[in-house]
Amino acid sequence: TFEKWIENLDGERLKSYTKRVWDYFKNVILKQDAKNILVITHAGVIKTLISKEKNMSLDETFAISLPYSGYIIYDTQKGFMVQFFK
């Protein structure tokens, strides 16, 4: 399964990784008093956030192809807009 594969890469349990990423996003990023926030990260973090927010499996979100040097938009009212731009 995807969970076993990811755990074998770095040794961190997938559940703790997902919780750490989501908690930071929810408790730090989304609590900023700003109109726009730029977050630069790798696709693994983005796909983990999409998975959690959209209640999708990691297998589903990691099957999404993200372009290099692309970006996605998070709308606080609508959530992640899984439209990718270059």
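None of these values were measured; they are calculated from a predicted model.

**Considerations on the side chain of lysine 47**
Right, on to step 1. Note that lysine 47 resides in helix α3 (residues 43–54).
Right, on to step 2. Although lysine 47 is buried, it makes no salt bridge; aspartate 59 carries the closest opposite charge, 11 Å away.
Right, on to step 3. Within the structure, the side chain of lysine 47 is placed 2.6 Å from the backbone oxygen of isoleucine 64, a separation counted as a polar contact.
Right, on to step 4. Among residues more than four places away in sequence, those in contact with lysine 47 are Leu58, Thr61, Phe62, Ile64 and Leu66.

**Comments concerning the nonpolar core**
Right, on to step 1. One finds Leu14, Tyr17, Val21, Trp22, Phe25, Ile29, Val45, Leu49 and Leu58 forming the largest nonpolar core, which totals 9 residues.
Right, on to step 2. Within the residue set of this core, elements represented by two or more residues are α2 (14–29) and α3.
Right, on to step 3. Beyond its immediate sequence surroundings of up to four residues, valine 21 is in contact with Val45, Thr48 and Leu49.

**Section: unusual backbone geometry**
Right, on to step 1. The backbone of asparagine 55 sits at a positive phi, close to 55°, despite the residue not being glycine.
Right, on to step 2. With respect to the helices, strands and loops of the structure, asparagine 55 is situated in the loop between α3 and α4 (58–62).

**Observations concerning the packing of aromatic side chains**
Right, on to step 1. Enumeration over the complete set of coordinates arrives at 1 aromatic pair.
Right, on to step 2. Look at tryptophan 22 and phenylalanine 25: their rings are 5.8 Å apart centre to centre, the planes differ by 35°, and that puts the pair in the tilted class. Residue tryptophan 22 and its partner phenylalanine 25 are both found in helix α2; the two are separated by 3 residues, about one turn of the helix. Exposure class is identical for tryptophan 22 and phenylalanine 25. Each is buried.

**Here we look at the environment of tryptophan 22**
Right, on to step 1. By relative accessible area, which is 15% here, tryptophan 22 ends up buried.
Right, on to step 2. Note: C-alpha distance between tryptophan 22 and leucine 49 (27 residues apart in sequence) is 6.2 Å.
Right, on to step 3. Setting aside residues up to four positions removed in sequence, tryptophan 22 forms contacts with Leu49, Lys52 and Glu53.

**Digging into α2**
Given 3.6 residues per helical turn, the α-helix brings residues three or four places apart onto the same face.
Right, on to step 1. Here α2 contains 16 residues, and its C-alpha end-to-end distance of 21 Å stays within 8% of the 22 Å for a straight helix at 1.5 Å per residue.
Right, on to step 2. By the burial criterion, the buried members of α2 are Leu14, Tyr17, Thr18, Val21, Trp22, Phe25 and Ile29. An end-on view of α2 places all buried positions within 120° of arc, on one side of the element. In α2, the exposed residues that point more than 90 degrees away from the buried face are Lys15 and Lys19.

The rules behind the values
Residues numbered from 1 in each chain as written. Predicted model: local features only at pLDDT ≥ 70, side-chain atom pairs only at ≥ 80, totals over all residues. Heavy atoms only, no water. Helix = DSSP H or I, 4+ residues; strand = E, 2+ residues; numbered from the N terminus. Buried < 20%, exposed > 50% of the residue type's maximum accessible area, 1.4 Å probe, protein only. Lys, Arg positive; Asp, Glu negative; His and termini not counted. Salt bridge = Lys/Arg side-chain N within 4 Å of Asp/Glu carboxyl O. Polar contact = N/O pair within 3.5 Å; in protein donor to acceptor, adjacent residues only side chain to side chain. Contact = heavy atoms within 4.5 Å. Core = buried A, V, L, I, M, F, W, Y, C linked by side-chain atoms within 4.5 Å. Phe/Tyr/Trp six-rings, centres within 6.5 Å; stacked < 30°, edge-to-face > 60°. Expected span 1.5 Å × (residues − 1). Arc of directions from axis to C-beta.

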